[in-house]
Amino acid sequence: MNTIIDKKLLSDGVYQIRVDAPHIARERKPGQFVIVQLDTHFGERIPLTIADADADEGWIMLIFQAVGKTTQDLARLNVGDAVNNLVGPLGQPTHIENFGTVICVGGGIGVAPLHPIAKALKAAGNRVITIIGARNRELLILEDEMKAIADELIVCTDDGSYGRKALVTEPLKECCELDPAPGLVVAIGPPVMMKFCAETTRPFGVHTVVSLNTIMIDGTGMCGGCRVTVGEDTKFVCVDGPEFDGHLVDFDNMIQRLGAYKTQEQDAHACNLDKQANALQAEQDANA
Amino acid sequence: MDLDYAQISADAKTALDAILNRTDPLKPKDRMAIPAQPMPAQPASERVKNMEEVALGYTPEQAQVEAERCLQCKNAPCIKGCPVAIDIPGFVKAIAETEFGKAVDTIKQSSLLPAICGRVCPQEVQCQVECTVGKVLKDVEASVSIGRLERFVADYEREHGAIETPAVKPETGKKVAVIGSGPASITVAADVRREGHAVTMFEAFHKPGGVMMYGIPEFRLPKAIVQQEISTLRDMGIDIRTNFVVGRTRRLTDLLEEDGFDAAFVGTGAGLPKFMNIPGENLVGVYSANEYLTRVNLMRAFDSENADTPVLPSKCTVVLGGGNVAMDAARCAVRMGAEEVHLVYRRTEKEMPARNEEIEHAKEEGVQFHLLENAIAATGDEYGRVDTLTCLRYELGEPDASGRRRPVPIEGSEFNMAVDCVIVAIGNDSNPLIKQTTPEIETNRWGNIVVDDNGKTTLDCVYAGGDIVLGAATVILAMGEGRRAAASINAQLA
Ligand SMILES: Cc1cc2nc3c(=O)[nH]c(=O)nc-3n(C[C@H](O)[C@H](O)[C@H](O)COP(=O)(O)OP(=O)(O)OC[C@H]3O[C@@H](n4cnc5c(N)ncnc54)[C@H](O)[C@@H]3O)c2cc1C
Ligand SMILES: Cc1cc2nc3c(=O)[nH]c(=O)nc-3n(C[C@H](O)[C@H](O)[C@H](O)COP(=O)(O)OP(=O)(O)OC[C@H]3O[C@@H](n4cnc5c(N)ncnc54)[C@H](O)[C@@H]3O)c2cc1C
Ligand code: SF4
Ligand code: SF4
Ligand code: FES
């Protein structure tokens, strides 16, 4: 069970694996995730989105960035090795319907969870405009896969090494100005990117769904560790989400909670996410 | 009070010799004069530095002496106090006669988990509150220590490798799904399997055992004891599937309609943490007790050398609440190295739902109690980390309808505490996952699954028990409910 059936390096530190998991493959819907734990005794439980799945062949695909202990250990596993503990599918599936035009925005590793959602939205008859961004060309993932789904694909890099030299919020703003306005924006990426995507769409009143990547333990609503403030309410990302109305999420609180263990985890690679996030923040500050 | 282990066993030997050297039979008066046996325990100064069990268990001599205190009452009021009606005088007599094996067999006719219940049962409000000895001596603490004796024989059996795998009848070809792996589910699995039905147990976590694994800390209930029960289930041929969330990995109705299960038992517990709904509750450093205890126990944060899951280092931890869960959280915080651990509770110690023993142990370990106080807000620093807890003082007002005096806030009594960790331990509601994914199952307004006198839910072939039915309750009640549901399932499949 849970055997890795293939493994690919997508970009610097970003891996794609397919895992034999027939139960999860059968039940999963776009937007859902699994929790992975490698060492049953001492390992941490981490959430990863199901990037793709095939119910008939019984596999699920995970795409992850090796940022810390567990993701690095996972990256060390090879084809034929088993993922000791794999539980899912968890979370609420994405609400899929025909919204007319939908803008799907993915930043960095966030393109992975975005992929199945974009695919489902397309299948539901939406016109799908996809904006994907990364710090540079090397870090861009799933461009071909996204191209295959999208009616229009806009690629941005922070350093201009590929596609447009821009942060994803720039083309997003232009898309919001289109007539007719998009019916939905789905933005997935580093928290700061999602925060600014929500800020970008807010003046246009375009409903904006974000997928939150909080720290989790059980993933079944038992511990409350994944809680976020959404509007007036406290929500549990693992059972009420992971998707929420971006205009209501308290991103600052979420980002602080996500950073809670940073000093303990002491991980140099974590900066990847942060750098990208900081670039967005700096941009926004400059614009303000 | 720290008692010297050597002294305790020497005293017990003396007392036992005195009893054994008598030529005339003991009269009730003599029995009541036998000294109640104290529980040997790790000294507080030692145990705060480790996670190992605090109570060390009776020596065989102590067990015998304690057993001689029992009056063998004809009407045995103690049995009425036990939710599963263990033949208490029966097993206690066997201990007095050093027939430890017979004692444990007697218990096991009614209870499947004596090593666990002997440790965690709130005996002082169940079997022991009814005990004649305690009543005559006007002190429930002076009752026969039924729980400790139960623990003694169960440990004796385990430590002497005498645990036998229960016999399983020939396979019937029927299949039963047991959802969850807490005490209710363990009981159902064993009782149903014994009748020869195939049993598959589904557990969401990576380790089975329920709250006994993730909630109750090692120092009160060693995990090896829970795992022993689980391995007995495996030895009986029960298939245990961890990492399987019923409702998500597979819907309950699919298990029955498509996967060929003839019946299902839902024992998914009360795992939904309540919060205070006060400002600042989502700051960094504020945990639910469930999260804190899961990190420390199941994920083994205590063993920071080896475990990947951390808890935030804390100098000053405040626990909100007054139940067993609050005591467990506070005592874990002590062991996790907090310099100060405070417990804030709205009423007085008398109203605390926690067991006396836990309250005493917590105090011995340095937990500071703040009674008639309650938190109303938390605030944090520029990084969103909690640094201040604002509390109000209370006084006891007029008795309410239930006769309990209500705590009323004292106006203008607000004050601040400097903290860096807050653990909210004010209880749990029922886990809603099964309800959400199986709307056909009826629940009451607290989200508890409704069952009839046979433990059957409103859905055909589906039974339920334990905390998901009772609300947050106890191990022994969960076990009792499991017994009842198992009997109904066995009747259905007969
Ligand atoms: C619903 C959900 C879906 C997710 N899907 C994916 C996915 O498809 N691919 C992917 O690569 N990642 C995904 N994540 C994020 C992933 O869970 C984290 O990257 C992972 O927990 C890091 O674990 P680690 O042990 O390798 O790193 P750690 O050593 O635990 O942490 C390394 C660094 O990452 C930070 N960190 C810890 N947890 C998270 C987190 N949950 N999110 C972001 N940063 C974190 C820490 O602050 C630390 O600085 C998802 C998260 C959620 C909640
Ligand atoms: C900290 C703490 C201390 C306690 N101390 C005591 C004490 O001293 N004495 C005492 O008698 N009682 C105590 N209790 C209460 C006691 O532990 C519970 O009453 C008892 O464990 C309930 O048993 P249960 O079988 O109903 O379920 P639980 O023990 O709650 O187990 C339920 C299991 O079901 C699993 N589950 C949930 N949903 C699903 C799903 N959809 N699919 C698969 N699996 C699922 C959960 O992961 C869990 O493992 C304490 C509780 C806590 C939290
Ligand atoms: S199971 Fe609990 S209540 Fe019953 S006799 Fe044992 S300790 Fe007492
Ligand atoms: S009530 Fe107390 S003294 Fe009487 S039989 Fe029960 S345990 Fe023994
Ligand atoms: S991860 Fe525990 S409640 Fe969401």
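Rules and cut-offs
- Residues numbered from 1 in each chain as written.
- Chains lettered and ligands numbered in written order.
- Predicted model: local features only at pLDDT ≥ 70, side-chain atom pairs only at ≥ 80, totals over all residues.
- Heavy atoms only, no water.
- Helix = DSSP H or I, 4+ residues; strand = E, 2+ residues; numbered from the N terminus.
- Rg over C-alpha atoms; globule rule 2.2 N^0.38 Å.
- Buried < 20%, exposed > 50% of the residue type's maximum accessible area, 1.4 Å probe, protein only.
- Areas by Shrake-Rupley, 256 points an atom, 1.4 Å probe, with all protein chains shown as cover.
- Contact = heavy atoms within 4.5 Å.
- Lys, Arg positive; Asp, Glu negative; His and termini not counted.
- Charge placed at Lys NZ, Arg CZ, Asp CG, Glu CD.
- Phe/Tyr/Trp six-rings, centres within 6.5 Å; stacked < 30°, edge-to-face > 60°.
- Lys NZ or Arg CZ within 6 Å of the ring centre and 35° of its normal.
- Buried area = accessible area lost by both parts, 1.4 Å probe.
- Salt bridge = Lys/Arg side-chain N within 4 Å of Asp/Glu carboxyl O.
- Polar contact = N/O pair within 3.5 Å; in protein donor to acceptor, adjacent residues only side chain to side chain.
- Nonpolar A, V, L, I, M, F, W, Y, C, P; charged D, E, K, R; others polar.
- Domains from an automatic or database assignment.
- Axes fitted to C-alpha atoms, helices over the stretch in contact; angles between N-to-C directions.
- Parallel < 35°, antiparallel > 145°, perpendicular 65-115°, else oblique.
- Near = heavy atom within 4 Å.
- Core = buried A, V, L, I, M, F, W, Y, C linked by side-chain atoms within 4.5 Å.

Turning next to the overall build of chain B. When you go through chain B residue by residue, the secondary structure sums to 20 helices and 16 strands. Taking 2.2 N^0.38 as the reference for a compact globule, 494 residues should give roughly 23 Å; the C-alpha atoms of chain B span a radius of gyration of 24 Å, in line with that estimate. Each principal axis of the C-alpha distribution contributes one length, and for chain B these read about 75 × 60 × 50 Å. The buried share among the 494 residues of chain B stands at 59%. Accessible area for chain B stands at about 20200 Å²; split by element, carbon and sulfur atoms hold 50% of it.

With that settled, consider the overall build of chain A. Summing up its helical and strand segments, chain A has 10 helices and 15 strands in all. A globule of 288 residues ought to have a C-alpha radius of gyration of about 19 Å, and chain A, at 18 Å, matches this closely. With the C-alpha coordinates aligned to their principal axes, the bounding extent of chain A is approximately 50 × 40 × 40 Å. Taking all 288 residues of chain A together, 58% fall into the buried category. Within chain A, contacts between residues at least 6 apart in sequence are counted, and of these 66% link residues at least 24 apart. Taken as a whole, chain A presents about 11200 Å² of accessible surface, with 49% of it coming from carbon and sulfur. The distance from the centre of the 25 positive side-chain charges to the centre of the 39 negative ones in chain A is 2 Å.

Under the definition given, this model contains 9 aromatic pairs over all chains. Pairing B:Phe202 with B:Phe261 gives two aromatic rings, centres 6.0 Å apart and planes at 75°, and the pair type is edge-to-face. Of the two residues, B:Phe202 is situated in strand S2 (residues 198–202) and B:Phe261 in the loop between helix H14 (252–257) and strand S4 (263–266); the sequence distance between them amounts to 59 residues. Of the two residues, B:Phe202 and B:Phe261, both sit in the buried class. Three or more aromatic residues link up through ring pairs in this structure, and these residues are B:Phe100, B:Phe152 and B:Tyr156. Positioned above the aromatic ring of A:Trp59, the side-chain terminus of A:Arg18 is 4.6 Å from the ring centre. The cationic tip of B:Arg393 hangs over the ring face of B:Phe415; the distance from NZ or CZ to the ring centre is 4.1 Å.

At the interface, 45 residues of chain B touch 41 residues of chain A. Taking both partners together, chain B and chain A bury about 3700 Å²; carbon and sulfur atoms supply 51% of that area. By the criterion of area lost to chain A, the three top residues of chain B are B:Arg248, B:Asn282 and B:Asp308, representing 21% of everything that side buries. Applying the counting rule to chain B against chain A returns 3 salt bridges. Where chain B packs against chain A, one counts 21 residue pairs in polar contact (both at pLDDT 80 or more). Of all the secondary structure elements, the ones that give two or more residues to the side of chain B that touches chain A are strand S5 (272–273), strand S6 (286–288) and helix H15 (289–298) of chain B. At 5 residues, H15(B) tops the list of elements feeding residues into the side of chain B that touches chain A. Looking at the side of chain B that touches chain A, its residues break down into 20 nonpolar, 12 polar and 13 charged.

Another aspect to go through is the domain arrangement of chain B. All names here are of chain B. Looking at the assigned domains, one finds that chain B contains domain 1 (5–159), domain 2 (175–271 + 430–493) and domain 3 (274–428). At the interface, 15 residues of domain 2 touch 14 residues of domain 3. Carbon and sulfur atoms make up 58% of the surface buried where domain 2 meets domain 3, a total of about 1200 Å² over both sides. For domain 2, the biggest contributors to the area lost against domain 3 are Tyr214, Phe219 and Arg220; these three give 46% of the whole. Linking domain 2 to domain 3 there are 2 salt bridges.

This brings us to the side chain of B:Thr59. Locating B:Thr59 in the fold gives a position in the loop between helix H3 (44–47) and helix H4 (60–68). Not counting residues up to four positions away in its chain, the partners in contact with B:Thr59 are B:Tyr5, B:Ser9 and B:Phe152.

Our next topic: the packing of helix H6 (residues 88–96) of chain B against helix H7 (residues 100–108) of chain B. All names here are of chain B. At a minimum axis separation of 7 Å, H6 and H7 run at an interaxial angle of 170°. One way to sum up the angle between H6 and H7 is to call them roughly antiparallel. Along the contact surface, H6 presents Gly90, Phe91, Ala94 and Ile95, while H7 presents Phe100, Lys102, Ala103, Thr106 and Ile107. Per-class residue counts for the contact of H6 with H7 are 6 nonpolar, 2 polar and 1 charged.

All names here are of chain B. Every one of the 34 residues lining ligand 2 counts as a neighbour, but Val120, Glu203, Arg220, Val246 and Asp467 are closest to it. Residue valine 211 places a main-chain N or O atom 3.0 Å away from an oxygen atom belonging to ligand 2. The contact in question runs from a nitrogen atom of ligand 2 to an N or O atom on the backbone of valine 246, over 2.9 Å. Protein chains bury 95% of the 1000 Å² of accessible surface belonging to ligand 2 in isolation. When residues of the shell around ligand 2 are traced back to their parent elements, those giving at least two are helix H11 (183–194), helix H16 (324–335) and helix H20 (475–493).

All names here are of chain A. Lining the immediate surroundings of ligand 1 are 24 residues, of which Pro47, Thr49, Ile63, Gln65 and Thr71 lie closest. Residue threonine 49 places a side-chain N or O atom 2.9 Å away from a nitrogen atom belonging to ligand 1. Between ligand 1 and the protein, one listed contact pairs an oxygen atom with a backbone N or O atom of glutamine 65 at 2.9 Å. Going through the elements one at a time, strand S4 (46–54), strand S5 (59–65), helix H2 (69–76) and helix H9 (262–265) are the ones with two or more residues in the shell around ligand 1. Ranked by residues supplied to the shell around ligand 1, first place goes to S4 with 4 residues. Class assignment for the residues of the shell around ligand 1 results in 13 nonpolar, 7 polar and 4 charged. Both domain 1 (2–90) and domain 2 (101–258) contribute no fewer than three residues apiece to the shell around ligand 1.

All names here are of chain B. By size, the foremost hydrophobic cluster in this structure holds 76 residues, and its most contacted members are Ile88, Phe91, Ile95, Ile116, Leu149 and Ile489. The element best represented in this core is H20, accounting for 8 residues. Residues contacting isoleucine 95, with those up to four places away along its chain left out, are Ala63, Gln64, Ala67, Phe100, Ala103, Leu149 and Val153.

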